[in-house]
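# Remarks on the overall topology
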Amino acid sequence: MTTALSLVAPSVPATSTAPAEHILIIVQNLPVPLDRRVWLECQALVAAGYRVSVICPKGPDDPPEQWLDGVHLYKYRPAPEARGLAGFLLEFSYSWLRTAWLSMTVWRRHHFTVIQACNPPDTYWLLAWLWRARRVSFVFDQHDLNPELFLSRFGVPQSAKGRAELAGLRWLERMTYRVADKVISTNESYRGIAIARGRRSPADVTVVRSGPDTRTMRPVYPTEPKRRAKFSLVYLGIMGPQDGVDVIIDVMDDLVHRRGRRDVHATLLGFGDCLADLRRRTTELGLDDYVTFTGRADRSMIAEHLSVADVGLSPDLKTPLNDVSTMNKTMEYMAYALPSVAFDLIETRVSGGDSVRYVPSGDREAFADQVVALLDDPRLRVELGLRARRRVSAELDWRPQSLAYVDLYDRLTETEHEPDEPFDPDEADLMHESFEPAFDEQGRRYVDLTDESELRRFIRDRTTP
């Protein structure tokens, strides 16, 4: 163990007097603050008095270091896009080594007490194990189930190579569970897997859902009127093979070319491995005038598009991963009082309740039917939009999740804080918003959620008064 430690921090004396309550968060698959869940976690820790550093890849034009809202961000140039097994191994090795090097930089400046690693991938247990000699604890924030992700993308492997790859993912997950001092699960389904498959004590697994902060994630009056079409559909999220975004292209083809709906336009916010293929298919189907791809979307762009849209789209198909995963897009649609259509998945129902229209997984025609039903029934859009906003405010808001998150760290670091005022879900409804600012950071006026008649009008028309 001493030899391992010398590889991690050879120049740092063990008697350093750096501040103790310092948390290092590691993210590989997204830059921060673009990763909205991680950014909310950072802000919760900072508000509770912890020092927070983050190591993550750079986004476009990001500096290598940044101090943002009390969080020290350390960023490295992302690895080249991975292709095949060799490409993924290169990406993971490169990212792991860059992260390990930056962790030494962080340590030299301020010793940290805890490493929190957010997967994918499940490789940072080894880095946490190396730092354990410095009495650094390890929290595993499990965002994805990588064995289920493999099965969802490639199916049950038939070749020896495929079986070896799946076995390797299961071993990495098992080691991550084993090394972690505490596990954070995004929902009860993930928690059950951590307890059963990961053989973790229930006391060591805490559910912290990825709820939006509804105080700031709320409808704004759009700065520009609707263009191109009377109705606007929106998708927000990653565009990978498992995300089903091709369903939206097929649905738009159905709406425009088979049903003659020239009054519909879809805006797809996000990026991913399938973006180029989706653009190509859109052109092949003659849908360029009806589908817009924005690429990477920041908070301002998200607020603008989700405020102006009439219907949110959740095309995630029922797979071993999707069925038990919490879809952030569903709750973000709800935060903007946006009715949505989704395939019927276990955890999507947990999030959406009765504010979402569900259809059998893979039934593209039924998906299009529900979109049309919402477009042609403004009263239904209003009722579902109101239900969505009420539910996300009262039951899915980030604030109670942040209390559970910070409490985990308080117990792990034996830190005492003044108890926060309990979160009262009975007050976290539309009326609790009356004390919030009237404008967002871009100067756009928030819709008055305390004026139900205006809110109903806004959900119906999605325009300024």
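Every chain is numbered on its own, with residues counted from 1 as its sequence reads. Given that this is a predicted model, residues contribute local features only at a pLDDT of at least 70 and side-chain atom pairs are listed and counted only at 80 or more, while totals for whole chains, interfaces and linings are drawn from all residues. Side-chain measures here rest on the full set of heavy atoms in the structure, leaving out hydrogens and waters.

For the rest of this paragraph, the subject is the sheet that holds strand β7 (residues 182-185). Sheet architecture is open: eight strands sit in the order β3-β4-β2-β1-β5-β6-β7-β8, paired in mixed fashion. Either end of the sheet is taken by a strand with one partner, and the two such strands are β3 (65-68) and β8 (205-207). Each strand of the sheet is rotated relative to its neighbour by a mean of 20°, with strand direction disregarded. For strand β1 (residues 22-27) and strand β5 (residues 114-118), the ladder comprises five bridges, and the chain directions are parallel. Bridge assignment links I26 to a residue of β5, and that residue is A117. Running over the sheet, helix α7 (residues 188-196) touches β6 (137-142), β7 and β8 and is turned about 175° from β8. DSSP-based pairing: two strands are paired if at least 2 bridges between them are found. Segments assigned H or I by DSSP are reported as helices when at least four residues long, segments assigned E as strands when at least two residues long, and all are numbered from the N terminus. Inter-axis angles, ranging from 0 to 180 degrees, are taken between N-to-C directions of lines fitted to C-alpha atoms, where helices are fitted over the stretch in contact. Note on contacts: a residue pair is in contact if any heavy atoms of the two residues lie within 4.5 Å.

The subject of this paragraph is the nonpolar core. With 56 residues, the main nonpolar core has L233, M252, L255 and L268 as its most contacted residues. Examining the composition of this core, we find that eight residues originate from one element, helix α8 (residues 245-258), more than from any other. Beyond its immediate chain neighbours, meaning those up to four positions away, L255 contacts L233, G260, R261, V264, A368, V371 and V372. Each nonpolar core is a collection of buried residues, namely Ala, Val, Leu, Ile, Met, Phe, Trp, Tyr and Cys, held together in the definition by side-chain atoms within 4.5 Å. Only protein chains enter the area calculation, which uses a 1.4 Å probe; residues under 20% of their type maximum are buried, those over 50% are exposed, and those in between are partly exposed. Counting 36 residues, the second-largest nonpolar core is a separate cluster that includes Y74, W107, F112 and W131.

The strand order β11-β10-β9-β12-β13-β14 describes an open sheet built from six strands, whose pairing is parallel. The sheet terminates laterally at β11 (291-295) and β14 (356-359), the two strands that pair on one side only. Between one strand axis and the next, the sheet turns through 25° on average, direction left out of account. Note that strand β12 (residues 311-314) and strand β13 (residues 340-343) share three bridges and pair parallel. Paired with S314 across the strands is A342, a residue of β13.

Moving on, we come to the state of the cysteines. Cysteine sulfur atoms that come within 2.5 Å of each other are treated as a disulfide pair. If you walk through the whole model with that rule in mind, you get zero disulfides. C42 provides the cysteine sulfur closest to C118, a residue in no disulfide bond, and the two sulfurs are 8.2 Å apart.

This paragraph deals with helix α6 (residues 160-179). Its 20 residues place the ends of α6 28 Å apart at the C-alpha level, agreeing with the 28 Å of an ideal helix rising 1.5 Å per residue. For α6, the full list of buried residues reads G162, L166, E173, M175, T176, Y177 and V179. Looking at the buried side of α6, the elements it contacts are α4 (125-131), β6, α5 (146-154), β7 and α7. A helix is expected to reach a length of 1.5 Å times the quantity of its residues less one.

Salt bridges are defined as contacts in which a side-chain nitrogen from Lys or Arg sits within 4 Å of a carboxyl oxygen from Asp or Glu. The final tally for this structure, using the stated rule, is 36 salt bridges. For the salt bridge of R36 with E332, the shortest nitrogen-to-oxygen distance reads 2.8 Å. Of this pair, R36 sits in helix α2 (residues 36-47) while E332 sits in helix α11 (residues 328-335), and the two are 296 residues apart along the sequence. Across the pair D250 and R364 runs a salt bridge whose closest N-O atoms are separated by 2.8 Å. Remark: R364 occurs in helix α13 (residues 364-375) and D250 occurs in helix α8; sequence separation between them is 114 residues. The partly exposed category is assigned to R364, whose relative accessible area is 27%. Connected through salt bridges with shared partners, the residues D246, D250, R281 and R364 form a single ionic network.

Moving on: the packing of α8 against α13. Where α8 meets α13, the axes come as close as 9 Å, and the angle between the chain directions of the two elements is 65°. By the criterion of interaxial angle, the relationship of α8 to α13 is roughly perpendicular. In the crossing of α8 with α13, the sense of the turn from one axis to the other is right-handed. Residues D246, V247, D250, V251, D254 and L255 of α8 form the contact with α13, whose participating residues are R364, E365, F367, A368, V371 and V372. Looking at the contact of α8 with α13 residue by residue, the classes come out as seven nonpolar, no polar and five charged. Each angle receives one of four descriptions, namely roughly parallel if under 35 degrees, roughly antiparallel if over 145, roughly perpendicular if within 65 to 115, and oblique otherwise. Handedness of a helix crossing follows the sense of rotation of the near helix relative to the far helix, less than a right angle counterclockwise being left-handed and clockwise being right-handed. Polarity classes work like this: nonpolar for Ala, Val, Leu, Ile, Met, Phe, Trp, Tyr, Cys and Pro, charged for Asp, Glu, Lys and Arg, and polar for all others, with Gly in that last group.

Where the model shows low pLDDT, its predicted coordinates should not be examined in detail. pLDDT is a per-residue confidence score from the predictor, ranging from 0 to 100. Of the residues in the protein, 90% reach a pLDDT of 70 or more, and the chain-wide mean stands at 90. Taken together, the stretch residues 1-19 has pLDDT below 50 and engages in 30 contacts with residues farther than four places along the chain or on a different chain.

Before going further, it helps to spend a moment on the packing of aromatic side chains. In this scheme Phe, Tyr and Trp rings, the latter by its six-membered ring, pair at centre separations within 6.5 Å, and the angle between planes marks the pair as stacked below 30 degrees, edge-to-face above 60, and tilted otherwise. Applying the stated criterion across every chain, the model contains 12 aromatic pairs. An angle of 40° between the planes, with centres 4.8 Å apart, marks the rings of W107 and W131 as tilted. Placement of the pair is W107 in helix α3 (residues 84-109) and W131 in helix α4, with a sequence separation of 24 residues. Each member of the pair, W107 together with W131, is buried. With a centroid separation of 5.7 Å and an interplanar angle of 90°, the aromatic rings of Y221 and F458 are classed as edge-to-face. Taken together, the positions of Y221 in the loop between β8 and β9 (231-236) and F458 in helix α16 (residues 452-461) put the pair 237 residues apart, joining distant regions of the chain.

Attention now goes to the packing of α13 against helix α14 (residues 378-395). Packing of α13 against α14 leaves a shortest axis separation of 6 Å and a crossing angle of 100°. As far as their axial angle goes, α14 and α13 are roughly perpendicular. Here α13 contributes A373, L374 and L375 to the contact with α14, which in turn contributes P378, L380, R381 and L384. A class-by-class count of the residues in the contact of α13 with α14 yields six nonpolar, no polar and one charged.

For the bond from V32 to P33, the omega torsion is 15°, close enough to zero to count as cis. Take P33: it is sitting in the loop between β1 and α2. For the bond running from P120 to P121, omega is 0°, close enough to zero to count as cis. Relative to the elements of secondary structure, P121 occurs in the loop between β5 and α4. Here R135, not a glycine, exhibits a phi torsion of approximately 65°, which is positive. Along the chain, the position of R135 falls in the loop between α4 and β6. Overall, R135 belongs to the exposed group, its relative accessible area being 77%. Backbone geometry places E414, a non-glycine residue, at a positive phi of 55°. Position of E414 relative to the elements: it lies in the loop between α15 (398-413) and α16.

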